[in-house]
Amino acid sequence: MRILLGVGGGIAAYKAAELARALMERGATVETVMTRSAREFIQPLTFASLTGNKVITDLFASGSSDQDTLSSAIEHIRAARDNELLLVAPCTADLLAKFAHGLADDFLSTTYLAFTGKIVLAPAMNVNMWNHAAVQANLATLRARGHIIVEPEAGYLACGMTGPGRLAEPKHIAEVAVRALQQREDLSGETVLISAGPTQEPLDPVRYISNRSSGKMGYALAEAARDRGARVILVSGPVNLTAPAGVEVVRVRTALEMRDAIIGRLPEASIIIKSAAVADYHVAKVPEQKVKKTAAKVSIDLDPTPDILAECGRLKGDRILIGFAAETQNMVAEARRKMEVKNCDMVVGNLVSERGIGFESDNNAVTLVLRSGEVEQVAVAPKREIADRILDQITKLRLAAVQ
Ligand code: PMT
């Protein structure tokens with residue numbers, strides 16, 4: 001694995017040294033490019049010592065001969081050609097703008113344009129800069145180009161403000177970069193139908209019943225399946241997430257709408273993953289006008305919603321069907337029960353009573369319960385990593401089915 005590490009100028013530049021080490025621990029050869037402002041924060045010698053490679057700093061190095069000047073002028077082409085992945089961390093707002101708009105006025109931005117391999121960007125900046133429409137528009141452009149963005153973390157920032165903007169943990173960035181290089185195309189030829197997020201069941205025109213699902217787990221699954229070569233159809237309840245580029249999104253609100261979308265698209269699918277947190281009950285006949293408040297107690301008659309997973313289980317044929325089980329107790333037993341009753345090939349048990357995992361969190365920890373009786377525990381990790389572990393099991397199920 002040959003990785004070109006671009007270091008931008010920001011207070012997080014010192015963390016790039018830890019990142020270089022984390023990449024090397026994972027077997028990568030690292031070559032470093034530093035912008036002029038990065039060198040205000042950390043010395044090239046640090047990276048040269050860590051990686052054992054010369055650090056590139058200037059587009060036009062002042063060589064002792066014309067030949068030196070020429071070779072440094074074409075060095076960005078050599079660096080772009082010799083490396084498999086360009087990782088920029090910290091990626092400043094300025095670098096994001098240059099990359100998005102194709103500006104090339106230093107070594108890193110010219111290398112970016114010459115680079116044909118995979119690109120991973122780990123931004124870090126002040127929270128207001130991160131939230132600015134211009135930065136978000138540049139990020140959207142870069143995502144649409146297929147680059148992987150390692151989102152900054154939320155927390156206390158060097159500028160004294162709190163919010164998203166802090167460079168992600170170096171180990172996590174290294175993991176994303178290495179995974180991008182090792183990416184398998186083991187789902188190519190498959191169409192994966194994924195449900196994500198909550199549903200909202202109206203009580204009247206202004207109120208609804210819902211749950212805490214953010215959609216992050218389902219969106220991570222969609223992104224991971226896309227990266228592994230699948231065609232992905234994502235049926236999403238109402239969430240505040242940007243859909244992964246290249247994934248077809250069908251937006252729904254209620255359990256009934258989700259049922260129609262899933263069952264309507266099921267014939268196209270070879271794998272179905274039901275990670276949505278579908279409401280179990282709804283008001284069958286929603287009042288047309290807002291219900292007025294009175295002093296009296298109220299009770300609401302709720303009818304069960306259609307059980308979409310069970311219906312998929314009846315229609316699945318030779319498709320692979322994966323259910324989820326969000327539980328607060330007896331998770332494995334419940335997952336097994338759901339697998340039997342709903343004819344699933346695997347159920348992903350999610351203990352949602354644990355802090356820091358399950359609903360809303362960026363992390364999860366799950367138990368994969370298989371029809372064979374096998375049970376695999378997947379320890380706490382970012383949802384994208386959990387998604388890959390779920391897909392690893394699905395590819396094994398697919399292999400077993402064709403043997
Ligand atoms: O969205 P996040 O914030 O990232 O959180 C992730 C998650 C906790 C929502 C997710 O990992 C998860 O556990 N999803 C399933 C939630 C759920 O509704 O579990 P359940 O045990 O109530 O349902 C079991 C299965 O039946 C699920 O696959 C569900 O999609 C399906 N179901 C449920 C009700 C219904 N009417 N139709 C269904 O198909």
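Residues numbered from 1 in each chain as written. Predicted model: local features only at pLDDT ≥ 70, side-chain atom pairs only at ≥ 80, totals over all residues. Heavy atoms only, no water.

Visitor: Even after reading the chapter, I still don't get the overall build of the protein chain, so can you show me in this structure?
Guide: Per the secondary structure count, the protein chain includes 15 helices and 20 strands. For the protein chain, the spread of C-alpha atoms along the three principal axes comes to 85 × 60 × 35 Å. For the protein chain, the proportion of its 403 residues judged to be buried stands at 51%. The long-range share in the protein chain, meaning contacts at least 24 apart out of those at least 6 apart in sequence, stands at 65%. Here the protein chain displays about 19,100 Å² of accessible surface, and carbon together with sulfur accounts for 51% of that area. Averaged over its 47 positive side-chain charges, the protein chain has a centre that lies 4 Å from the centre of its 47 negative ones. (Helix = DSSP H or I, 4+ residues; strand = E, 2+ residues; numbered from the N terminus. Buried < 20%, exposed > 50% of the residue type's maximum accessible area, 1.4 Å probe, protein only. Contact = heavy atoms within 4.5 Å. Areas by Shrake-Rupley, 256 points an atom, 1.4 Å probe, with all protein chains shown as cover. Lys, Arg positive; Asp, Glu negative; His and termini not counted. Charge placed at Lys NZ, Arg CZ, Asp CG, Glu CD.)

Visitor: Sorry if this is basic, but what is going on with the environment of R231 here?
Guide: Counting through the fold element by element, R231 comes out in strand β12 (residues 231–236). Measuring from C-alpha to C-alpha, the distance between R231 and E248 comes to 8.4 Å, with 17 residues separating the pair along the chain. Setting aside anything within four residues of it in sequence, one finds R231 in contact with E190, T191, V192, E248, R265 and E268. Side chain to side chain, R231 and E268 meet in a polar contact 2.7 Å long. (Polar contact = N/O pair within 3.5 Å; in protein donor to acceptor, adjacent residues only side chain to side chain.)

Visitor: Got a minute to help me understand the site of the ligand in this structure?
Guide: Near the ligand you find 29 residues, and of these S213, S214, A276, K338 and N350 are the closest. A distance of 2.6 Å separates an oxygen atom of the ligand from a polar atom in the side chain of N350. Protein contact buries 95% of the 770 Å² of open area that the ligand shows by itself. Structurally, the ligand is housed in the second largest pocket. Those elements giving two or more residues to the shell around the ligand turn out to be α11 (216–227), α13 (308–315) and β17 (320–327). The element that contributes the greatest number of residues to the shell around the ligand is β17, accounting for five residues. Looking at side-chain class alone, the shell around the ligand contains 13 nonpolar, eight polar and eight charged residues. (Near = heavy atom within 4 Å. 1 Å grid on protein atoms, 1.4 Å probe; cavity = no way out; pocket = protein on both sides within 12 Å on 5 of 7 lines; lining within 4 Å. Sits in = over half its atoms within 2 Å of the grid points. Nonpolar A, V, L, I, M, F, W, Y, C, P; charged D, E, K, R; others polar.)

Visitor: Before we go on, may I ask you to explain the layout of surface pockets in this structure?
Guide: Space left empty within the atom packing is revealed by a probe, the size of a water molecule, rolled over the atoms. Roughly 1,400 Å³ of internal volume is contained in the largest pocket. Counting residues per element, the ones that place at least two in the lining of the largest pocket are α9 (133–144), β6 (148–149), β7 (153–156), α10 (170–182), α11 and α15 (383–402). If you tally residues by element for the lining of the largest pocket, the top one is α11, at seven residues. Across the lining of the largest pocket, the residue classes tally to 20 nonpolar, eight polar and 14 charged. Residue assignment places the lining of the largest pocket across two domains, with domain 1 (2–182) and domain 2 (191–402) each supplying three or more. Space inside the second largest pocket adds up to approximately 930 Å³. Secondary structure elements with two or more residues in the lining of the second largest pocket: α11, α13, β17 and α14 (331–341). In terms of residue count, β17 provides more of the lining of the second largest pocket than any other element does, four residues in total. (Points joined across faces, edges and corners; volume = space filled by probe spheres on them. Domains from an automatic or database assignment.)

Visitor: Is there a simple way to think about the domain arrangement of the protein chain in this case?
Guide: Split by domain assignment, the protein chain resolves into domain 1 (2–182) and domain 2 (191–402). Centre-to-centre, using C-alpha coordinates, domain 1 lies 36 Å away from domain 2. Across the boundary between the two partners, domain 1 contributes five residues, which contact five residues of domain 2. For the pair domain 1 and domain 2, the summed buried surface comes to about 400 Å²; carbon and sulfur atoms form 56% of the total. Between domain 1 and domain 2 we count one salt bridge in total. Taking the shortest distance from any N to any O, the salt bridge between D388 and R179 comes out at 3.6 Å. Our count for the contact surface shared by domain 1 and domain 2 stands at zero residue pairs in polar contact (both at pLDDT 80 or more). Contributing elements (two or more residues each) for the side of domain 1 that touches domain 2: α9 and α10. At three residues, the largest contribution of residues to the side of domain 1 that touches domain 2 is made by α10. Counted by class, the side of domain 1 that touches domain 2 contains one nonpolar, one polar and three charged residues. (Buried area = accessible area lost by both parts, 1.4 Å probe. Salt bridge = Lys/Arg side-chain N within 4 Å of Asp/Glu carboxyl O.)

Visitor: Got a minute to help me understand helix α1 (residues 15–25) in this structure?
Guide: Think of an α-helix as turning once every 3.6 residues; residues three or four places apart then point the same way. Along α1, the positions that sit buried rather than exposed are K15, A16, A17, L19, A20, A22 and L23. Phi turns positive one or two residues past the end of α1, at G27, with a value near 95 degrees.

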